[in-house]
2 protein chains.
Amino acid sequence: MTRKLKTMDGNTAAAHVAYALTDVAAIYPITPSSTMAEYIDKWASEGRLNIFGQTVRVVEMQSEGGAAGAVHGSVISGALTSTFTASQGLLLMIPTMYMIAGEQLPAVIHVSARTVASHALSIFGDHSDVMACRQTGFAMLASNSPQEAMDLSAVAHIAAIDSSMPFLHFFDGFRTSHEMQKIGVWDYDTLRKLFDDEKLARFHARANNPAHPVLRGSAQNGDIFFQAREAINSKYTDVYTATESAMDKVNKLIGTNYKPFNYYGSSNADRIIVAMGSVCETAEEVVDYLNAHGEKVGLIKVRLYRPWAASSFIATLPKTVKRIAVLDRTKEPGSVGEPLYLDVMTSVVECGVPGIWVCGGRYGLASKDVTPGQIIATFDNLKLDFPKNSFTIGITDDVTNLSLPVTKEPLTTPSDIISCKFWGLGSDGTVGANKNSIKIIGDHTDKTAQAYFQYDSRKSGGVTISHLRFGSSPIKSAYYVSKADFVACHSPSYLEKYDIVQDTKPGGVFLANCAWGAEELTSILPAAAKKYIADNDIKFYAVDAVKIAKDLGLGNRTNSILQAAFFKLSNILPIENAAEYMRQAVRDTYGRKGDDVVRMNIEAIEAGLNQLVEINVPDSWKSPAPDAKTESPATSRADAASYVSEVMTQMNAMRGDKLPVSAFIATEAGSLLPAGTAALEKRAINSEAPSWIPENCIQCNRCAYVCPHSVVR
Amino acid sequence: MTRKLKTMDGNTAAAHVAYALTDVAAIYPITPSSTMAEYIDKWASEGRLNIFGQTVRVVEMQSEGGAAGAVHGSVISGALTSTFTASQGLLLMIPTMYMIAGEQLPAVIHVSARTVASHALSIFGDHSDVMACRQTGFAMLASNSPQEAMDLSAVAHIAAIDSSMPFLHFFDGFRTSHEMQKIGVWDYDTLRKLFDDEKLARFHARANNPAHPVLRGSAQNGDIFFQAREAINSKYTDVYTATESAMDKVNKLIGTNYKPFNYYGSSNADRIIVAMGSVCETAEEVVDYLNAHGEKVGLIKVRLYRPWAASSFIATLPKTVKRIAVLDRTKEPGSVGEPLYLDVMTSVVECGVPGIWVCGGRYGLASKDVTPGQIIATFDNLKLDFPKNSFTIGITDDVTNLSLPVTKEPLTTPSDIISCKFWGLGSDGTVGANKNSIKIIGDHTDKTAQAYFQYDSRKSGGVTISHLRFGSSPIKSAYYVSKADFVACHSPSYLEKYDIVQDTKPGGVFLANCAWGAEELTSILPAAAKKYIADNDIKFYAVDAVKIAKDLGLGNRTNSILQAAFFKLSNILPIENAAEYMRQAVRDTYGRKGDDVVRMNIEAIEAGLNQLVEINVPDSWKSPAPDAKTESPATSRADAASYVSEVMTQMNAMRGDKLPVSAFIATEAGSLLPAGTAALEKRAINSEAPSWIPENCIQCNRCAYVCPHSVVR
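Predicted model, so just to flag it, every value in this text is computed and none were measured.

**Q** Looking at this structure, how should I read the overall build of chain A?
**A** Summing up its helical and strand segments, chain A has 23 helices and 24 strands in all. Computed over its C-alpha atoms, the radius of gyration of chain A comes to 27 Å, within 12% of the 27 Å expected for a compact globule of 713 residues. The principal-axis extents of the C-alpha atoms in chain A amount to approximately 85 × 65 × 55 Å. Counting every position in chain A, which comprises 713 residues, the buried fraction comes to 62%. Of the roughly 26,200 Å² of accessible surface on chain A, 52% is carried by carbon and sulfur atoms. One way to put it: in chain A the 68 positive side-chain charges average out to a point 1 Å from where the 75 negative ones average out.

**Q** Can you help me understand the packing of helix α6 (residues 146-163) of chain B against helix α10 (residues 233-254) of chain B in this one?
**A** Residues and elements named next belong to chain B. Where α6 contacts α10, the axes come no closer than 8 Å and their chain directions differ by 135°. It follows that α6 is oblique to α10 by the angle criterion. The hand of the α6/α10 crossing is right-handed. For the pair formed by α6 and α10, the contact residues are Asp151, Leu152, Val155, Ile158, Ala159, Asp162 and Ser163 on the first element and Lys235, Asp238, Val239, Ala242, Thr243, Ala246, Met247, Lys249, Val250 and Ile254 on the second. Looking at the contact of α6 with α10 residue by residue, the classes come out as ten nonpolar, two polar and five charged.

**Q** How should I be thinking about the interface of chain B and chain A in this particular structure?
**A** Interface extent is often summarised as the accessible area lost during association of the parts. Listed by partner, the interface residues are 96 residues for chain B and 97 residues for chain A. In total, about 8,900 Å² of surface goes out of reach between chain B and chain A, with carbon and sulfur atoms giving 62% of it. Looking only at chain B, the three residues that lose the most surface to chain A are Phe225, Phe226 and Gln227 of chain B, adding up to 8% of its buried area. At the boundary of chain B with chain A, the tally comes to eight salt bridges. One salt bridge connects Lys331 of chain A with Glu230 of chain B, and the closest N-O pair in it is separated by 3.3 Å. Counting every contact that joins chain B to chain A gives 48 residue pairs in polar contact (both at pLDDT 80 or more). Elements supplying a minimum of two residues to the side of chain B that touches chain A: α4 (87-102), β9 (214-216), α9 (225-230), α10, α13 (339-350) and β24 (672-674) of chain B. Of the residues belonging to the side of chain B that touches chain A, the class tally is 48 nonpolar, 29 polar and 19 charged. In this structure, strand β24 (residues 672-674) of chain A lies alongside β9 of chain B, joined through three bridges in antiparallel fashion.

**Q** I'm lost on helix α17 (residues 527-535) of chain B in this one. Help?
**A** Structurally, the α-helix is built with 3.6 residues per turn, so residues lying three or four positions apart point the same way. Residues and elements named next belong to chain B. Restricting attention to buried positions, one finds in α17 the residues Ala527, Ala529, Lys530, Tyr532, Ile533 and Ala534. For α17, the secondary structure elements touched by its buried residues are β21 (504-513), α16 (518-524) and β22 (539-543). One or two steps after α17, the chain reaches Asp537, where phi turns positive at roughly 60°.

**Q** Help me understand the relation of the copies chain B and chain A, please; the structure alone is not making it clear to me.
**A** The operation relating the two chain copies consists of a rotation about an axis and a shift along that axis. Mapping chain B onto chain A calls for a screw motion: a turn of 180° about the axis and a shift of 0.0 Å along it, with 0.1 Å RMSD after fitting. Taken together, the rotation and translation describe the operation of a two-fold axis. Taken as a fraction of all interface residues of chain B, those also at the interface in chain A reach 100%, which identifies the copy contact as same-surface.

**Q** I keep staring at the side chain of Arg134 of chain A and nothing clicks. Help me out?
**A** Along the chain, Arg134 of chain A falls in the loop between α5 (128-131) and β6 (139-142). Look at Arg134 of chain A and you get buried, because its relative accessible area is 4%. A polar contact is formed between the side chain of Arg134 of chain A and the side chain of Glu332 of chain A, at a distance of 2.9 Å. Each residue touching Arg134 of chain A, except ones within four places of it in the same chain, is listed here: Met140, Tyr305, Arg306, Glu332 and Pro339 of chain A together with Arg134 of chain B.

**Q** What exactly am I supposed to notice about the sheet that holds strand β20 (residues 484-489) of chain B here?
**A** Hydrogen bonds between backbone groups are what pair the strands of a sheet, and the pairing can be parallel or antiparallel. Residues and elements named next belong to chain B. As summarised here, the arrangement of the nine strands in space is β1-β8-β18-β19-β17-β20-β21-β22-β23, forming an open sheet in which the pairing is mixed. A single partner strand is all that each edge strand has here, and the edge strands are β1 (4-9) and β23 (613-615). Strand-to-strand twist of the sheet, defined as the mean angle between neighbouring strand axes without regard to direction, takes the value 25°. Where β20 lies against β21, five bridges are found, and the strand directions are parallel. Residue pairing in the sheet places Val487 in a bridge with Phe510 of β21.

**Q** Teacher, can you tell me more about the sheet that holds strand β1 (residues 4-9) of chain A here?
**A** Residues and elements named next belong to chain A. If you trace the nine strands from one edge of the open sheet to the other, you get β1-β8-β18-β19-β17-β20-β21-β22-β23, paired in mixed fashion. Strands with a single pairing partner mark the edges of an open sheet, and in this sheet they are β1 and β23 (613-615). Across the sheet, the mean angle separating the axes of adjacent strands is 25° when strand polarity is ignored. By the bridge criterion, two bridges tie strand β8 (residues 180-185) to strand β18 (residues 448-455) in an arrangement that is antiparallel. Looking across to β18, one finds that Gln181 is bridged to Gln450.

**Q** Can you walk me through the packing of aromatic side chains in this structure?
**A** Aromatic ring pairs: the centre-centre distance and the angle between the two ring planes describe each pair. With the rule as written, the count across this model stands at 40 aromatic pairs over all chains. Where Tyr305 of chain A meets Trp308 of chain A, the ring centres are 6.0 Å apart and the plane angle is 75°; that geometry is what we call edge-to-face. Among the residues examined, Trp308 of chain A registers a relative accessible area of 6% and is labelled buried. Between Phe510 of chain B and Phe540 of chain B the ring centres are 5.2 Å apart and the planes differ by 80°, which places this aromatic pair in the edge-to-face class. Of this pair, Phe510 of chain B sits in strand β21 while Phe540 of chain B sits in strand β22, and the two are 30 residues apart along the sequence. Taken together, Phe261, Tyr305, Trp308 and Phe313 of chain A form an aromatic cluster joined through their ring pairs. Of note, Arg306 of chain A hangs over the ring of Tyr305 of chain A, and the distance from its end group to the ring centre comes to 4.3 Å. In this structure, Arg48 of chain B packs its charged tip against the face of Tyr19 of chain B, placed 5.7 Å from the ring centre.

**Q** Teacher, can you tell me more about a positive patch on the surface here?
**A** Among the surface-exposed residues, Lys4, Lys6, Lys435 and Lys439 of chain A lie close enough to one another that they form a single positively charged patch. Within the secondary structure, Lys439 of chain A is located in helix α15 (residues 430-444).

**Q** What is the right way to look at the environment of Lys42 of chain A in this model?
**A** Among the structural elements, Lys42 of chain A can be located in helix α2 (residues 34-45). Separated by 16 residues in the primary sequence, Lys42 of chain A and Val58 of chain A place their C-alpha atoms 9.6 Å from one another.

**Q** For this particular structure, what's the right way to read the pairing of strand β15 (residues 357-362) of chain B?
**A** Regular strands show a simple pattern: their side chains alternate between the two faces of the sheet. Residues and elements named next belong to chain B. Judged by how many residues are buried, β15 sits mostly within the fold: five of six residues are covered. Of the strand pairs in this sheet, strand β14 (residues 323-328) and β15 are connected by six bridges, and their pairing is parallel. Bridge pairing links Asp328 to Arg362 in β15. With respect to chirality, the unit in which β14 leads through α13 into the neighbouring parallel β15 is right-handed.

**Q** Would you mind showing me how to read the pairing of strand β6 (residues 139-142) of chain B here?
**A** Residue and element names in this part refer to chain B. Of the two faces of β6, both are covered, the one formed by Ala139 and Leu141 as well as the one formed by Met140 and Ala142. Strand direction decides the pairing type here: β6 and strand β7 (residues 167-172), joined by four bridges, are parallel. Looking at the pairing, Leu141 lines up with His169 of β7. Handedness of the crossover is the feature at issue here: the chain leaves β6, passes through α6, returns alongside β7, and the resulting connection is right-handed.

**Q** Just to check I follow, could you spell out the pattern of salt bridges for this structure?
**A** Residues and elements named next belong to chain A. Counted according to the given criterion, the structure contains 62 salt bridges over all chains. The partner of Arg192 in a salt bridge is Asp197, with the nearest N and O atoms 2.9 Å apart. Residue Arg192 is classed as partly exposed on the basis of its relative accessible area, which comes to 26%. What makes Asp197 partly exposed here is its relative accessible area of 44%. Each of Asp270, Arg271, Glu295, Asp380 and Lys383 takes part in salt bridges that share partners, so that together they form one network.

So, how was this worked out
- Think of each chain on its own: its residues are numbered from 1, step by step along the sequence as written.
- Whichever chain is written first is A, and whichever ligand is written first is 1; the rest continue in order.
- Where local features are concerned, this predicted model is filtered to residues with pLDDT of at least 70; where side-chain atom pairs are given and counted, the filter is 80 or more; whole-chain, interface and lining totals use all residues.
- Only hydrogens and water are set aside when side-chain values are computed; all heavy atoms of the structure are taken into account.
- What counts as a helix is a DSSP run of H or I of at least four residues, what counts as a strand is a run of E of at least two, and both are numbered from the N terminus.
- Based on C-alpha atoms, the radius of gyration is set beside the globule rule, defined as 2.2 Å times the residue count to the power 0.38.
- Each residue is placed in one exposure class: buried if its accessible area under a 1.4 Å probe, protein chains only, is under 20% of its type's maximum, exposed if it is over 50%, and partly exposed if it falls in between.
- For every accessible area listed, the method is Shrake-Rupley and the probe measures 1.4 Å; residues are considered covered only by the protein chains on display.
- Positive charge is attributed to Lys and Arg, negative charge to Asp and Glu, and no charge count is given to His or to the chain ends.
- For the purpose of locating charges, the reference atoms are NZ of Lys, CZ of Arg, CG of Asp and CD of Glu.
- To obtain each axis, a line is fitted to C-alpha atoms, and for helices this fit is confined to the stretch in contact; angles are then taken between N-to-C directions over 0 to 180 degrees.
- Geometric relationships in this document are graded by angle, where less than 35 degrees denotes roughly parallel, more than 145 denotes roughly antiparallel, 65 to 115 denotes roughly perpendicular, and other angles denote oblique.
- In this scheme, a crossing is called left-handed if the near helix is turned counterclockwise away from the far one by less than a right angle; it is called right-handed if the turn is clockwise.
- Residue contacts are defined here by distance: any two heavy atoms, one from each residue, within 4.5 Å place the two residues in contact.
- Three classes are used: nonpolar for Ala, Val, Leu, Ile, Met, Phe, Trp, Tyr, Cys and Pro, charged for Asp, Glu, Lys and Arg, and polar for all others, with Gly counted as polar.
- Here's the idea: put two parts together, see how much 1.4 Å probe accessible area each one loses, and the total over both is what we call buried area.
- Each salt bridge in this description consists of a side-chain nitrogen of Lys or Arg and a carboxyl oxygen of Asp or Glu lying within 4 Å of one another.
- Under this definition, polar contacts are N or O atom pairs within 3.5 Å; protein pairs additionally need one hydrogen-donor-capable and one acceptor-capable atom, and for neighbouring residues in sequence, both atoms have to be side-chain atoms.
- A pair of strands is considered paired only if DSSP assigns at least 2 bridges between the two.
- Our superposition of the copies is a least-squares fit, built on the C-alpha atoms of residues whose pLDDT is at least 70 in both.
- Aromatic rings from Phe, Tyr and Trp, with only the six-membered ring used for Trp, were paired whenever their centres fell within 6.5 Å, and each pair was classed as stacked if the ring planes differed by under 30 degrees, edge-to-face if by over 60, and tilted otherwise.
- Working rule: Lys NZ or Arg CZ, within 6 Å of ring centre, within 35 degrees of ring normal, means a charge sits over the ring.
- Each patch groups residues whose relative accessible area exceeds 30% and which form no salt bridge, using 9 Å between like charges and 5 Å between nonpolar side chains of Val, Leu, Ile, Met, Phe, Trp and Tyr.
- A crossover counts as right-handed when, viewed with the strands pointing away from the observer, the path leading from the first strand over the helix to the second turns clockwise.

Structure below.
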């Protein structure tokens, strides 16, 4: 069966399936799961019908604790019930999850896995939340990409009803929940056919019903509780069987090969990685790369994490494996090792597989980017006589020395994939425009497409970096674009601040939103940037989107202009078609804001196409004059000085990723910050500054809140 | 140093220390931790001073979630802060616990570990709640007895301040929290000296303070979160060191030998058990017993569970060990094994100890009694060529066949220990009287003393069984008394219903509260009871406490009468002394209820001493007539029939412990009960029944709620 292809993110994919297979959704949206609940709510209000021809009843509760309670009450009454959550929200559901599992109720929780706040809160993604639920009795199913979020959501709902047990279906917050990919989409008729009516009838028959009343969730004393608790054992065999069978149904329909554990790589691998989530996509690329370079490596993708079927895991393991690295996207301080590592270690020993060395490592906490180089480092570690255990990748641990060094960072993305990178300013429309662009490319060409949007929790006003890829091969690169064919800098102020142009591949295209010509750029660009452009034959274009937008009445919304410039320069579609798709996107996006806004944006597209100029790179850039020395912001507070110079300045320069562990020791693992440092975090990102015109002043005093940093006064 | 000895339960012991070392307690009492919080509240209201000469500030919050938040806020402000909780209450604290640990704040949570509700709620004890917190970053310290709850509470508070990290100190709900033992008590001056002023000053200096403001608990993005999270690693070495050093301080003072891991048993053991909590006490008895019978076994008592120090664990392991059974008091359905098992397994492999077979088992869920026979079964399992893994003890699993059979149940309590067992009716005063008795024995003799009170969650009106032991040897028997030197049946109706007299050792004393002589008893007692009495030379006494209490105006409060009879028959103290202590206890207990109540109870003591009669056991009891067949209560509901006959009837006969796992399969692991069966649970426990006197009736209609079961009407 061929499904319709559409470009969407993981949350949309999961919500699409959840809506189909849900009667009641009890919600309390939390980042990064919010859009799942929001889509369900929106579709219900629009009257979309689920596979039973009804709209979903959506109830928003007062907290995730309430949502879990409502799920419990609803599913016990015979309604197919779902919820959507992450992080602390999921933690609040834990007490009720034990009960839902103990009472064998097939609720489904979709989780875009997110960091649990510890020394600091983080909205970003890792598995610390779902791992805090591994003991509740819920089945746990992991999806590694937006496509899998679409496919395995169906498996979760179907296997829940088939086994009459609850499922927690999870995927990586942001990396999968917010990554857009062109994916195959279930139509609801197909989902209807996957659903077993007999099992559904059994579920309804079991529901609380005044016609055949039963009592559930009683209180038990010490005489019988233990025996009753053990009476659930065989249900976990049922869950495994139901999951495998739902996967088989799906595989048969769409030609996939989902299994509780999937092996990928050399059939006679000596070293393998075991992991869950989006890192598996990256690891597949690296496995291909290393095997193409004469190594013998592989990967076990854990999909059904609970119940953990040790014998099935061992059966998936090639007989030739000698070394296993288990990657956990969580940290459990004080434990002997992280959870997946403990499970793999125990399975290997229990099943009596001799002579295998198992080690465990942590990666990707709070959405730390996981590059191919980190995966290579993991495989290289396994070559050592004594592989490092409890290691970390992606950071430099210069305190407890647990990190593995990254020694190379090859390009493992297939060579036909074009990659693009856009630096924008939160709320300038760059991310939105790129979402439109990837949909245009994904939905109007036969190309594969991927977009990921990197931004920080400051949201509006922070730096945004859009990472776009498209081509013919499937795109598994679940990490940032590092070297791009096309790089755009959407904020003029960034040109002198960040290392942006260096992201462009030699011979690639660099587009700057600025009013400057070669001469002015010579004095503005850092020496390293100029040298990189000149040495690497970068084609440098500029468009003064700030001025165009202002002239058109668009204020600071430069997105349509820059999007048009991108399509013109990247040449992915015939430019006439691209322009028409952009105009259509403008009409869809801005239609309800009125004809004027639509007209202005359409004019912006024309301007973007026409007012693009190529900068002739002067020869002098090959040996540029050295930059003037920049100084760290001064602070009068002795206690803040080292934090400001060593940590804050690096973060502001977008080099926070490179800070080593030692940078956070003095601040008690980063849980403590010197006060009064926000004032030093001047980012100078505006392309204009207000000024006070004494003649116009009526002393309303509102300048104080229009411009709280007192530039006006 | 010799400490004062006092008879108290584990909750009182922990609260005694917590009060001393606490500035602020944020509480929300929950069974079985309630009395800890209640004592703190009471002592504060009485003006008791902590070691700093202040009363503890107690704040009761709206839920455990609020209590955790208040703890967080209080400890961050530089107050030594504690809370007390269990089960779902502890689960509600989880989100905040991650933050308290991440921010390195030395709060202390005392937990009387309790079952988390799953298929059914249970108020009883196991480690499912604390195990749900093992990933939060808290240090976790286990106490195995009331004495250890006293001693290690001090270690928790001191090590928390020394390492500046939070501690979760736990002990078994009910089995330790409610078990009374005669124990050594810290005086507050000594605790003051254990407390390091320098560390305390450092804690105060770190606190949030407007004079040196800092920001804590910020939001971090993907650039730095991971590095900062790893910056905490060395704190867990600090926790280990601080715990070991606090234990050393304590050991030096009071001559104990507390270590993060304690070994007990043969120095060349081939088989050992690893466990935490009260089961270790029982296991010590069994280790002594088996080693005395030529086996070579041992036990590792895990005290510091988090951080888990693998190398320290391995160093504790005798070199001769070949087989390890790890006992977990929790069940994590769908996992490859329970948490302690995973930790031990991984430690053994990581530390490269060759040739050791590790298996894991579950025990004691919801306070299931753990007998020496079960521990012997665990050691015997290790003798098999292929020991059963993921086994259970204490139940019969006839479905998944994971249970180990108990083949013998020897008496492992030292022979000088006298044991007593009292069957009472919830609210008849039996438990209270026995608490007084054990205090009298413990505090007025040089005997060791232990009391445990078995009752169900119906509380008032249910069966209570008091298990008392006293003697010269230390009492480690953390399980029910099975064969007692003295058995009392405090409710006449029990004599024909339950197997009580069979609890008496041959030649022991049996006391019945009843108005019957030998002739009436012949027709009332079951055949098996009569035969047991006659065959085993049981000395059978009776006292009509119901009539005496009524005549004295005490209503149904028969406790003082029966307590006096116990002291007379058991002959532990000279009876004049015992009578005086009982009178003193009456004055203490009832003083505030007025002189009349005190007088009546003192008369009751006299009556109990004087009106005791010995029943001359007729020879005919050696070959009694068979009992009339009793029938299960009839139910007209087909769906309830098997539940009523197979489960409910057994539970009502106090034989629920013997029900196998298969009894709960049909009711979905016991999560579902047929409705309308409570009406069939007639227990016929009253010694009187009301009757309606038409002449007196003023048609007030209150009989409907005085007697809802409509006996009157």
